[in-house]
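# Working through the structure, step by step
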Amino acid sequence: MPVSTGTTALGTATVDLAAIAHNLRVLSDVAGVGVLAVVKAGGYGHGALPVARTLVDAGAVGLGVAHVGEAVALREGGIAAPVTAWLHTPDTDFESAIAADVDVAVSSSRQLDAVVAAAARRGETASVTVKVDTGMNRGGVAAPEWPAFVEAFGRAHAAGAVRLHGAMAHLACGDEPENPANDEQAAGLRAAVDDLRRIGAQPELVHLANTPAALTRPDLAFDAVRPGIGVYGLNPVPRHSTADLIPAMTLRTQVSLVKQVSAGSGISYGHTYRAPADTVVAVIPVGYADGVPRLLSGRLRVRINGRDFTGVGRICMDQFVVDLGPDGGGVVEGDEVTLFGTGADGGPTAREWADLTDTIDYEIVTGIGPRIARVYTGGGA
Ligand SMILES: *Cc1c(COP(=O)(O)O)cnc(C)c1O
């Protein structure tokens, strides 16, 4: 069932929902606690709603997103499980969050005040998670603001304006399991929870660990772990963990065009590549607008009929070219092309694209564009 923005998708991202459910169980088993699974940014490009339904069915204790709008969209899609949103601006519509029973993670007294005011307008109690900055120095209540925040929180809590759902912090160096910053950040979260308890506010769910920490530091798991990328089967710490995660997304297209090119001909913009000999090339109809990084020009491989072929010349907005060799490799127009997948068959992976372009596979999967149809297998969603 494609969830496409048009009827002319030339590429598909097939998402294996059974792999997503499997990965959730693996993360929970390794960490020894429940999972608050992160489905921000459209489920890391996999499609937030089908992924969210799968995760809730598979036993996730909650879902996490960045924006209130993302959380409300999950509710509108029928997700009844706890959803926490943690990134706001002064314009964020907290009333819509309270109306949808979305848990709002607050990072300052200003945000708390805005949530309290929204709760008063609605005549309801807001569900709140306290996000503590224990050393990431990004989101979360900053250390110098903490005492005043606790006081303000105590007043709002005593007045029934807020109910304390959770307490959270985010690790700066979770992908370095031995980094002492992880222990310092965990200690900071413990101290913050003690401060909240002291004013009579007991968080139901304390969470710190992202995917790399969930995989390597079960001692920092608190009540739940909060992985994103691992849910999608990508392992950010392969040197430290051999957990059996299955990449959920396979990106495919079809050969658009096959043609002969003579020796010495330049291929694609700028003629940065010239065919060293007479050869046959295939046009692959996805490009950087679809999430194939232009930096992969001349460096990516694709799988066609079980064989690898190399991209040549510049990757364009909508398409790129691969060299099929002088005999054309038996490839014909319409043949299926795998751009990346699980890698189980030795084929290309999102990780390989990330390594070749000096980034992380998070950026690869979240960058798959809106012209690519999301297709779901392996589940009821
Ligand atoms: C994105 C995010 C996560 C998930 O991180 P992964 O590295 O993908 O596991 C967890 N917590 C917060 C606050 C985040 O922003």
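Model, not experiment: these values are computed from the prediction.

### Side note on the overall build of the chain
If you tally the helices and strands in the chain, you get 11 helices and 19 strands. With the principal axes as the frame, the chain shows a C-alpha extent of 80 × 45 × 40 Å. When contacts within the chain are restricted to residue pairs at least 6 apart in sequence, those whose partners lie at least 24 apart make up 68%. Summed over all atoms, the accessible surface of the chain reaches about 15,900 Å², with 52% contributed by carbon and sulfur. Across the chain, the mean location of the 29 positive side-chain charges is 2 Å away from that of the 41 negative side-chain charges.

### Things to note about the site of the ligand
Inspection of the region around the ligand gives 14 residues, with Lys40, Tyr44, Thr211, Gly228 and Tyr362 positioned closest. Residue Lys40 places a side-chain N or O atom 2.7 Å away from an oxygen atom belonging to the ligand. Contact distances for the ligand include 3.4 Å between a nitrogen atom and a side-chain N or O atom of His170. The protein chains hide 94% of the 390 Å² of surface that the ligand would expose on its own.

### Points about helix α8 (residues 180-198)
Between the first and last C-alpha of α8 there are 27 Å, a value that for 19 residues agrees with the 27 Å anticipated at 1.5 Å per step. Within the sequence span of α8, burial applies to Asn182, Gln185, Ala186, Leu189, Ala192, Val193 and Leu196. The buried residues of α8 occupy an angular sector of 120 degrees when projected down its axis, which confines them to one face. Exposed positions of α8 whose direction lies more than 90 degrees from the buried face are Pro180, Glu184 and Arg198. Measuring from the backbone nitrogen of Ala181 back to the side-chain oxygen at the start of α8 gives 2.9 Å, which picks out Asn179 as the cap. Gly200, located one to two residues past α8, shows a positive phi value of around 85 degrees.

### A look at the environment of Gly43
Within the element layout of this structure, Gly43 appears in helix α2 (residues 40-44). Ignoring any residue separated from it by four or fewer positions in sequence, one finds Gly43 in contact with Ala48 and Tyr232.

### Digging into the pairing of strand β18 (residues 336-340)
The buried fraction of β18 amounts to four of the five residues, a majority that puts the element mostly inside the structure. As paired strands, strand β10 (residues 249-254) and β18 are joined by four bridges and run antiparallel to one another. Within the sheet, the bridge partner assigned to Arg252 lies in β18 and is Thr338.

### A short note on the sheet that holds β18
Here nine strands make up an open sheet; going across it, the order is β11-β14-β17-β16-β15-β18-β10-β1-β19 and the pairing mixed. Looking at strand neighbours, the two that pair on one side only are β11 (257-261) and β19 (372-377), the edges of this open sheet. On average, adjacent strands in this sheet sit at an angle of 35 degrees to one another, irrespective of strand direction. Examined bridge by bridge, strand β15 (residues 301-304) and strand β16 (residues 307-312) share four bridges and lie antiparallel to one another. Bridge assignment links Arg303 to a residue of β16, and that residue is Asp308. Where helix α1 (residues 17-31) meets the sheet, it contacts β1 (11-16) and β19, and its direction lies at approximately 40 degrees from that of β1.

### Examining the pairing of β15
Here is the key point about a regular strand: its side chains alternate between the two faces of the sheet. Residue alternation in β15 divides its side chains into two sets, Arg301 and Arg303 and Val302 and Ile304, and both sets are buried. The turn joining β15 and β16, which pair antiparallel and follow one another in sequence, is formed by two residues; a positive phi near 50 degrees is taken by Asn305. Sheet topology note: the β15/β18 ladder contains two bridges and is antiparallel. From the neighbouring strand, Arg303 faces β18, where its bridge partner is Thr338.

### Looking at the domain arrangement of the chain
How big an interface is tends to be reported as the loss of accessible area on association of its parts. When its domains are assigned, the chain resolves into domain 1 (32-231) and domain 2 (249-377). Between the C-alpha centres of domain 1 and domain 2 there is a distance of 39 Å. At the interface, seven residues of domain 1 touch seven residues of domain 2. Interface area, domain 1 with domain 2, both sides summed: about 680 Å², of which 68% is carbon and sulfur. When the buried area of domain 1 at its contact with domain 2 is split by residue, Gly45, His46 and Ile229 rank highest and sum to 62% of it. Counting across the interface, domain 1 meets domain 2 through zero salt bridges. Between the two partners, domain 1 and domain 2, sit two residue pairs in polar contact (both at pLDDT 80 or more). Grouping the amino acids of the side of domain 1 that touches domain 2 by side-chain chemistry returns four nonpolar, three polar and no charged.

### A look at the pattern of salt bridges
Applying the stated rule across the entire model yields 17 salt bridges. A salt bridge links Arg217 to Asp183, with the nearest nitrogen and oxygen atoms 2.6 Å apart. One end of the pair, Arg217, is in the loop between α9 (211-216) and β9 (224-225); the other, Asp183, is in helix α8, and 34 residues separate them in sequence. Judged by relative accessible area, which is 34%, Asp183 ranks as partly exposed. The partner of Glu352 in a salt bridge is Arg301, with the nearest N and O atoms 2.7 Å apart. Of this pair, Glu352 sits in helix α10 (residues 350-356) while Arg301 sits in strand β15, and the two are 51 residues apart along the sequence. Relative accessible area serves as the criterion here: at 22%, Glu352 is assigned to the partly exposed category. Here the residues in one salt-bridge network are Arg301, Arg303, Asp308, Asp345 and Glu352, joined through shared partners.

The rules we used
Residues numbered from 1 in each chain as written. Predicted model: local features only at pLDDT ≥ 70, side-chain atom pairs only at ≥ 80, totals over all residues. Heavy atoms only, no water. Helix = DSSP H or I, 4+ residues; strand = E, 2+ residues; numbered from the N terminus. Contact = heavy atoms within 4.5 Å. Areas by Shrake-Rupley, 256 points an atom, 1.4 Å probe, with all protein chains shown as cover. Lys, Arg positive; Asp, Glu negative; His and termini not counted. Charge placed at Lys NZ, Arg CZ, Asp CG, Glu CD. Near = heavy atom within 4 Å. Polar contact = N/O pair within 3.5 Å; in protein donor to acceptor, adjacent residues only side chain to side chain. Expected span 1.5 Å × (residues − 1). Buried < 20%, exposed > 50% of the residue type's maximum accessible area, 1.4 Å probe, protein only. Arc of directions from axis to C-beta. Pairing = 2+ DSSP bridges. Axes fitted to C-alpha atoms, helices over the stretch in contact; angles between N-to-C directions. Domains from an automatic or database assignment. Buried area = accessible area lost by both parts, 1.4 Å probe. Salt bridge = Lys/Arg side-chain N within 4 Å of Asp/Glu carboxyl O. Nonpolar A, V, L, I, M, F, W, Y, C, P; charged D, E, K, R; others polar.

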